[in-house]
Amino acid sequence: MGAAGPAHLAVSAPEGLSSRARRFVEVHGLCVPQQDIRVHRDVWLSHGIPAAEIDRAVAFQERWGGIALPPAPAYEGGPRVLEADFPEGPAADGWRFPAGDCRVSMAYGFMIGPEGEFGIDADCWTPLHASTEGWVEALALAHHAGYWARTVTKIKGDAVDDLDLDGFDVVAEVQGLTDTWWRGKDSLVAIYRGEAVGFSARQCREAHIYGGLDPRGLGCE
């Protein structure tokens with residue numbers, strides 16, 4: 001019997017990402033074996049899951065399934081591996097399906113929303129980014145900013161709402177909803193409000209300020 005193949009393979013980044021995010025995925029990501037969720041189709045249909053929702057989960061799996069990325073700077077590291085699973089619903093705000101198991105035991109799960117949003121399902125469904133691409137762009141930008149910044153300042157709670165973002169522009173590629181990124185003349189600011197909204201816990205607001213950045217460090221593309 002021949003030797004088993006490698007457990008981890010090189011990643012080919014999905015289309016539609018910025019060049020920075022593509023480099024991040026292909027340099028720092030891993031591809032691990034994934035399940036073929038198409039085999040569950042008949043069972044899921046028998047449980048009343050609409051075919052269109054199964055198709056959405058399959059499309060996510062084909063695009064993102066099996067990709068393991070470095071930990072996120074918030075949300076206890078993020079999903080271990082991007083992987084779709086059993087769609088959940090119906091609900092007033094639509095069907096959702098898991099985006100991948102948490103790295104550690106958490107009081108919420110990572111989900112893909114009815115319009116493709118990437119978010120967390122805590123006490124309430126809280127979209128973080130308008131798409132999985134936005135989540136990955138945010139991961140890539142945090143990695144980039146952390147490498148180039150001369151200073152990194154973290155603030156929490158009410159101080160987040162006191163941030164003066166006059167002169168800053170929103171970083172569009174992260175497609176921020178609850179979480180947003182802002183670019184100034186020599187700094188980047190990441191604002192994480194997901195847990196605060198998901199748990200109605202204002203004290204969970206957090207911001208990371210990456211200072212002392214030159215044009216390359218600002219990640220303008």
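The structure we're discussing is the one just above.
Residues numbered from 1 in each chain as written. Predicted model: local features only at pLDDT ≥ 70, side-chain atom pairs only at ≥ 80, totals over all residues. Heavy atoms only, no water.

(A) Examining the state of the cysteines more closely. Here the structure, examined in full by the defined rule, presents 0 disulfides. The closest cysteine sulfur to the non-disulfide-bonded Cys124 is located on Cys204, 12 Å from its own sulfur. A relative accessible area of 32% places Cys124 in the partly exposed class. (Disulfide = S-S within 2.5 Å. Buried < 20%, exposed > 50% of the residue type's maximum accessible area, 1.4 Å probe, protein only.)

(B) Just the sheet that holds strand S7 (residues 151-156), in detail. Judged by pairing direction, the sheet is antiparallel, and its 5 strands sit side by side in the order S7-S11-S10-S9-S8 without closing on themselves. Two strands close off the open sheet at either side, each with one partner strand: S7 and strand S8 (169-170). Of the pairings in the sheet, the one linking strand S9 (residues 180-183) to strand S10 (residues 188-192) comprises 4 bridges and is antiparallel in character. Within S10, the position partnered with Trp181 by the bridge is Ala190. (Pairing = 2+ DSSP bridges. Helix = DSSP H or I, 4+ residues; strand = E, 2+ residues; numbered from the N terminus.)

(C) Examining the pattern of salt bridges more closely. For the structure shown, the criterion picks out 14 salt bridges. A salt bridge links Arg20 to Glu173; its shortest N-O distance comes to 2.7 Å. Pair noted here: Arg20 is in helix H1 (residues 19-28) and Glu173 is in the loop between S8 and S9, with a separation of 153 residues, a long-range link. Residue Arg20 is classed as buried on the basis of its relative accessible area, which comes to 4%. The closest approach of N and O atoms between Arg183 and Glu173, which form a salt bridge, is 3.9 Å. With Arg183 in strand S9 and Glu173 in the loop between S8 and S9, the pair connects residues that are 10 residues apart, well separated along the chain. A relative accessible area of 15% means that Arg183 is categorised as buried. Shared partners join several salt bridges into a network, and the residues in it are Asp158, Asp161, Arg193, Arg202 and Arg205. (Salt bridge = Lys/Arg side-chain N within 4 Å of Asp/Glu carboxyl O.)

(D) Region of interest: the packing of aromatic side chains. Here the structure, examined in full by the defined rule, presents 12 aromatic pairs. Between Trp181 and Tyr210, the aromatic rings sit 5.7 Å apart at their centres with planes inclined by 10 degrees, giving stacked as the arrangement. With Trp181 in strand S9 and Tyr210 in strand S11 (residues 206-211), this residue pair connects regions lying 29 residues apart in the sequence. Ring pairs connect the aromatic residues Tyr75, Tyr108, Phe110, Phe118, Trp135, Tyr192 and Phe199, which therefore count as one cluster. (Phe/Tyr/Trp six-rings, centres within 6.5 Å; stacked < 30°, edge-to-face > 60°.)

(E) Inspection of the sheet that holds strand S4 (residues 109-112) at higher detail. Spatially, 4 strands are ordered S3-S4-S5-S6 in an open sheet, and the strand pairing comes out antiparallel. Of all strands in the sheet, those bounded by a partner on one side alone are strand S3 (97-100) and strand S6 (125-129). Across this sheet, the average inter-strand angle for adjacent strands is 45 degrees, counted without regard to direction. Helix-sheet contacts for helix H3 (residues 51-64) involve S3 and S4, and the interaxial angle to S3 is about 10 degrees. Contacts from helix H4 (residues 132-148) reach S4, strand S5 (118-121) and S6, with the element oriented near 60 degrees to S6. (Axes fitted to C-alpha atoms, helices over the stretch in contact; angles between N-to-C directions. Contact = heavy atoms within 4.5 Å.)

That's the geometry; what it means functionally is another story.
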